[in-house]
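Now for the letters of each chain:
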Amino acid sequence: MNKANWPLTTAGASSSTKSARRTPSSSSPFTLAERLFSTGDDRRAAKAVEDGIVLLEERLVAETVFHDGMAEVSARYLLDAGGKRVRPLLAFLTAQLGEGVTDDVVTAATSIELIHLASLYHDDVMDEAEQRRGVPTAHTVWSNSIAILTGDLLFARASKLLSILGERAIRLQADTFERLCLGQLHETVGPRDTEDPIVHYLQVLADKTGSLIAASAQLGILVSRAPHEYEQPVFDFGEKIGIAFQLVDDVIDLAPASDATGKTAGTDIRAGVVTLPLLYLRRDAATDPRAADLLRRLDPATIAVTPAAEVDALIAELRAHPVTAETVAESRRFAADAVAALDPLPEGTVKKTLVRFAATMVERSN
Ligand code: FPP
Ligand code: MG
């Protein structure tokens with residue numbers, strides 16, 4: 001099996017996506033970086049990225065020291081629970097097009113990871129999530145107020161770090177923060193009557209997930225003083241691969257409970273969370289009575305009073321429905337667009353590894 005196609009897990013860490021069901025139950029003996037670099041020539045870049053991750057972990061701990069016991073315990077809580085460090089890894093990789101993993105690049109990556117962490121504390125309050133990275137969410141351990149304030153503290157630290165890096169980095173962070181909030185807001189409010197729900201959904205994914213991944217890739221270029229003309233290509237790559245990643249999540253949600261993921265099939269469907277297969281089904285239901293019937297049976301209120309075995313069969317029906325294959329195809333289209341955005345980059349380790357990164361994101365099974 002191609003290493004790039006192995007399930008995406010990082011030794012000793014757990015998933016940072018959709019609550020408990022995203023926690024991998026199996027782990028590859030290879031770290032993400034090891035799976036991205038294979039040839040001898042690539043190993044130099046791999047070593048730089050691996051070393052960067054070690055420095056990042058040290059900086060993350062240093063930047064979550066507070067002269068307040070409560071603040072420090074809650075700020076370290078999710079950090080200690082693990083995470084794949086996908087965003088820093090991307091920044092370290094694109095920095096190979098410039099001066100490499102310099103101290104400034106580690107600072108930028110630390111800031112990005114702190115913003116990501118901050119957003120998770122807030123998101124779990126909004127989603128009333130019970131688990132994250134295999135541990136109870138901060139607001140269930142303490143309270144909503146503590147979780148929200150912890151997110152704010154982490155965001156303050158992230159801002160302080162980026163201020164070292166100059167105006168463009170600060171501006172990029174502000175633009176990204178705005179998009180994170182707007183993505184979350186638009187998800188909460190839902191599409192307007194005049195808006196296509198599928199277009200709306202894809203824009204939400206671009207804003208709430210794609211924007212920070214895009215910013216990570218761009219910061220790697222900006223802060224390592226790589227050629228300016230590479231900023232837009234890697235930004236576009238990051239945004240599109242972020243959308244592809246989320247669409248794969250929508251499909252993984254439908255995977256049977258008995259497979260390697262070890263989670264309940266259809267967690268999102270049961271909770272009434274909008275996913276692309278469901279949106280496609282709603283679209284089809286207008287003209288296809290069988291799609292309308294399946295949609296009616298998938299209603300969370302109906303599911304709540306349906307026997308467990310029947311719910312599993314229902315999720316299997318959605319999994320086998322063409323709307324799921326259409327979602328897979330859409331995720332692959334976004335991954336292909338991400339790769340196409342890299343055209344202006346020079347041939348070499350960075351471009352090749354980003355292409356493998358894209359494959360890893362969409363071929364993962366948990
Ligand atoms: C997870 O989505 C949420 C995000 C990717 C972004 C959340 C953004 C905010 C809360 C606004 C920004 C706030 C700060 C402090 C930077 P999800 O619920 O679909 O994924 P999940 O399964 O991982 O929870
Ligand atoms: Mg959430």
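From a predicted model like this one, the values you see are computed outputs, not experimental measurements. (Residues numbered from 1 in each chain as written. Chains lettered and ligands numbered in written order. Predicted model: local features only at pLDDT ≥ 70, side-chain atom pairs only at ≥ 80, totals over all residues. Heavy atoms only, no water.)

## Considering the coordination of the magnesium ion (ligand 2)
Line of reasoning, step 1. The coordination sphere of the magnesium ion (ligand 2), as far as protein atoms go, consists of D123 (OD) and D127 (OD), spread over 2.0 to 2.1 Å. Placement of both D123 and D127 in helix α5 (residues 103-127) is noted, with a separation of 4 residues, approximately one turn of the helix. (Donors = N, O, S within 2.8 Å, 3.2 Å for Na, K, Ca; no water. Helix = DSSP H or I, 4+ residues; strand = E, 2+ residues; numbered from the N terminus.)

## Examining a nonpolar patch on the surface
Line of reasoning, step 1. Together, L182, L185 and V189 make up an exposed nonpolar region whose accessible area comes to about 270 Å².
Line of reasoning, step 2. For L185, the position within the fold is in helix α8 (residues 167-189). (Patch = residues over 30% accessible without salt bridge, like charges linked within 9 Å, V, L, I, M, F, W, Y side chains within 5 Å. Areas by Shrake-Rupley, 256 points an atom, 1.4 Å probe, with all protein chains shown as cover. Salt bridge = Lys/Arg side-chain N within 4 Å of Asp/Glu carboxyl O.)

## So, the pattern of salt bridges
Line of reasoning, step 1. Inspection of every chain in the model, using the stated rule, returns 25 salt bridges.
Line of reasoning, step 2. Its salt-bridge partner being D175, residue R171 comes within 3.4 Å of it at the nearest N-O pair. With R171 and D175 both in helix α8, this residue pair falls 4 residues apart, about one helical turn.
Line of reasoning, step 3. Exposure remark for D175: the relative accessible area of 34% places this residue in the partly exposed category. (Buried < 20%, exposed > 50% of the residue type's maximum accessible area, 1.4 Å probe, protein only.)

## Side note on the packing of helix α16 (residues 322-341) against helix α17 (residues 349-363)
Line of reasoning, step 1. It is the contact of α16 with α17, at a shortest axis distance of 10 Å, that shows an interaxial angle of 170°. Viewed along their axes, α16 and α17 adopt a mutual orientation that is roughly antiparallel. Where α16 approaches α17, its residues S331, R332, A335 and V339 are matched on the opposing element by V355, A358, V362 and E363.
Line of reasoning, step 2. Looking at the contact of α16 with α17 residue by residue, the class counts come to 5 nonpolar, 1 polar and 2 charged. (Axes fitted to C-alpha atoms, helices over the stretch in contact; angles between N-to-C directions. Parallel < 35°, antiparallel > 145°, perpendicular 65-115°, else oblique. Contact = heavy atoms within 4.5 Å. Nonpolar A, V, L, I, M, F, W, Y, C, P; charged D, E, K, R; others polar.)

## Some details on the nonpolar core
Line of reasoning, step 1. F237, I241 and L298 are the most contacted members of the largest nonpolar core, which totals 93 residues.
Line of reasoning, step 2. Dropping the residues within four chain positions of it, L298 is found in contact with I269, L278, L281, I303, L314, I315 and L318. (Core = buried A, V, L, I, M, F, W, Y, C linked by side-chain atoms within 4.5 Å.)

## A closer look at the environment of V251
Line of reasoning, step 1. With respect to the helices, strands and loops of the structure, V251 is situated in helix α10 (residues 231-252).
Line of reasoning, step 2. For the pair V251 and T327, spaced 76 residues apart in the sequence, the C-alpha separation amounts to 7.2 Å.
Line of reasoning, step 3. When near neighbours in sequence (up to four residues on either side) are disregarded, V251 contacts T324, T327 and V328.

## Things to note about the packing of helix α4 (residues 86-94) against α17
Line of reasoning, step 1. Look at α4 against α17: their axes get within 10 Å of each other, and the N-to-C directions meet at 160°. By the criterion of interaxial angle, the relationship of α4 to α17 is roughly antiparallel. As α4 runs across α17, the sense of the crossing is left-handed. Counted together, V86, L89, L90, L93 and T94 of α4 and V350, T353, L354, F357 and M361 of α17 form the full contact between these two elements. (Left-handed = near helix turned anticlockwise from the far one by under 90°.)

Keep in mind that these numbers describe shape and distance, not what the molecule does.
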